[in-house]
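The lines below spell out each chain.
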Amino acid sequence: MDYLPVSWRITGQTVLLVGGGEIALRKARLLDRAGARLRLVAPEVEPDLAALVEQGGGEIRHRVFAADQLDGVLLALAATDDEAVNRAVSEAAQARGIPVNVVDNPPLCTFIFPAIVDRDPLIISISSGGASPVAARWVRSRIESLIPARWGRLAALMGSRRKRLAEKLPSVSARRLFWEKVIDGAVAEQTLAGQEDAAAAELDAAIEAADADKLMRGEVYLVGAGPGDADLLTFRALRLLQKADVVVYDRLVSPGVLELARRDAELVYVGKKRAEHVLPQDDINRLLVDYARQGKKVCRLKGGDPFIFGRGGEELEQVVEAGIDFQVVPGVTAAAGCAAYAGIPLTHRDHAQSVRFITGHRKENGELNLPWSDFLTPSETLVFYMGLVSLPAISAGLIMAGRSPDTPAALISRGTLSGQRVIKGTLGTLPDTVAEASPEAPSLLIIGDVVGLYPRYRWFEDGEG
Ligand code: SAH
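Residues numbered from 1 in each chain as written. Predicted model: local features only at pLDDT ≥ 70, side-chain atom pairs only at ≥ 80, totals over all residues. Heavy atoms only, no water.

Caption draft 1: Quick peek at helix H13 (residues 281-293). Between its first and last C-alpha atoms H13 spans 19 Å; for 13 residues at 1.5 Å apiece the expected length is 18 Å, and the two agree. For H13, the complete set of buried residues consists of Gln281, Ile284, Asn285, Leu287, Leu288, Val289, Tyr291 and Ala292. Where H13 is buried, its residues contact strand S8 (219-224), strand S9 (246-249), strand S10 (266-269), strand S11 (297-302) and helix H14 (312-321). Remark: glycine 295 follows H13 within two positions and exhibits a positive phi of approximately 85 degrees. (Helix = DSSP H or I, 4+ residues; strand = E, 2+ residues; numbered from the N terminus. Expected span 1.5 Å × (residues − 1). Buried < 20%, exposed > 50% of the residue type's maximum accessible area, 1.4 Å probe, protein only. Contact = heavy atoms within 4.5 Å.)

If you want it as structure tokens, here you go:
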């Protein structure tokens, strides 16, 4: 990091601005909004600029720059089109230890102005450290479109009630939880809709009714993290993930998703590779309850969807038993994610009228006891989760029961992630092809005529074959 971002209170302080044209005017507006007293130095000054400086109680010196104009100045800015003048301002200011900015000339600056998203009193500054103003502006325009224009009004309303809430709720954590609820609730909706009086009344009532015990009660969120690509999270998953004090996750949850947790959240890894559970399931179930009992918001992140081969039910059992509040958030299950990112429709009017999700996980004794004769409908797509190790047994079981060995079949490894691979063959050939390709985990098996459409609808950059 080459520059330290700070928000600096400069109200009433003198700022030297050298330059009398359009660029100086832009800087003058910004400084004026921050309450600075401007000292403008330029032989000629545009009328708009002169008016602004005078209205703000500043002074105008109609002359060329000289070092003594830096007397009593907090900051100095050079905004002229004369390189020599800009350099002189920069050198003189630096000699006196005064922070200086020369517009569009980073080497002459000791500080730079970030791009800002202005939702006063909420100000978001974005800086690329001078490396790429275009990149900073792009990010700014994205953020502009994300944050409603009236967001600043909400921040101001919340600010106006901070003291009152602090009197009602001495606990800092309880207050944080209170404000988080406000941001997600009716007060925010009303403010953003322009009904500020109603919002203020609603907020006052909420402060009146605020109850620290209730706010501090732990909760468990059982959240589907999707198959890997963080873009596939739901908004709800994201919101709860950012609210959680503790995030309990396992191997299938991708680093991209974990990065979205709150910076100060405790991240607890509970493993789960085939046959190598870092924490036994019982302990995971108990862990969720223990954290919630400490008053924490616990996000249990599961790969894909928590209720599809995710043991979601088991993990909730003790939570329900303990009477702890919980929510369940669905996720994009691996079948849906892999199919979409491989361009294999799971159903298709011409090829498949139904789809079946099956676990290929073997029992402890190594057996794969599946009702093979239920899986013979040619117009049904079969999706096997946890099927890599059992692939030879799955292929043999289906063929023996009567499904055609020519049925198209594919194994998708690391679906939706960079490094996704689609290995295509038939029910008969796939075990050998896969053995040769030795794909990475996790991987999903799709069997049925729809696989024959691959790679016609391929769009995601994956390693084929
Ligand atoms: N609850 C999860 C499934 C957990 S079982 C869900 O709804 O997706 C774990 C199995 O899911 C893995 O063995 C693999 O078969 C499949 N899987 C999960 N993520 C995957 C991915 N990114 N690519 C391929 N298969 C995946």
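Structure's up, so let's keep going.
Caption draft 2: View of the environment of glycine 152. Here glycine 152 is to be found in helix H5 (residues 151-160). Given the relative accessible area of 3%, glycine 152 is considered buried. Sequence-distant contacts of glycine 152, that is, excluding residues within four places in its chain, are made with Arg119, Asp120 and Pro121.

Caption draft 3: Representation of the packing of aromatic side chains within the structure. Throughout the structure, instances matching the rule amount to 10 aromatic pairs. Ring geometry for phenylalanine 178 against tryptophan 179: centres 5.3 Å apart, planes inclined by 80 degrees, an arrangement best described as edge-to-face. Here phenylalanine 178 matches tryptophan 179 in class, with each residue buried. Clustering of aromatic rings is evident, with ring pairs tying together Phe309, Phe357 and Tyr385. (Phe/Tyr/Trp six-rings, centres within 6.5 Å; stacked < 30°, edge-to-face > 60°.)

Caption draft 4: Structural view of the domain arrangement of the protein chain. For the protein chain, the assigned domains are domain 1 (14-113), domain 2 (151-215), domain 3 (219-332) and domain 4 (336-453). With centres defined by C-alpha atoms, the gap from domain 1 to domain 4 works out at 69 Å. (Domains from an automatic or database assignment.)

Caption draft 5: Structural detail: the packing of H13 against H14. Where H13 meets H14, the axes come as close as 9 Å, and the angle between the chain directions of the two elements is 45 degrees. Viewed along their axes, H13 and H14 adopt a mutual orientation that is oblique. For the pair H13 and H14, the sense of crossing is right-handed. Here H13 contributes Gln281, Asp282, Ile284, Asn285, Arg286, Leu288 and Val289 to the contact with H14, which in turn contributes Glu314, Glu315, Gln318 and Val319. Partitioning the contact of H13 with H14 into residue classes produces 4 nonpolar, 3 polar and 4 charged. (Axes fitted to C-alpha atoms, helices over the stretch in contact; angles between N-to-C directions. Parallel < 35°, antiparallel > 145°, perpendicular 65-115°, else oblique. Left-handed = near helix turned anticlockwise from the far one by under 90°. Nonpolar A, V, L, I, M, F, W, Y, C, P; charged D, E, K, R; others polar.)

Caption draft 6: Structural detail: the side chain of threonine 407. Relative to the helices and strands, threonine 407 is located in the loop between helix H16 (391-401) and strand S15 (408-413). For threonine 407, a relative accessible area of 7% translates into the label buried. Among the polar contacts listed, one links the side chain of threonine 407 to the backbone oxygen of serine 404, at a separation of 2.6 Å. The contacts of threonine 407, once residues within four sequence positions are left out, are Gly425, Thr426, Leu427, Ile447, Gly448 and Asp449. (Polar contact = N/O pair within 3.5 Å; in protein donor to acceptor, adjacent residues only side chain to side chain.)

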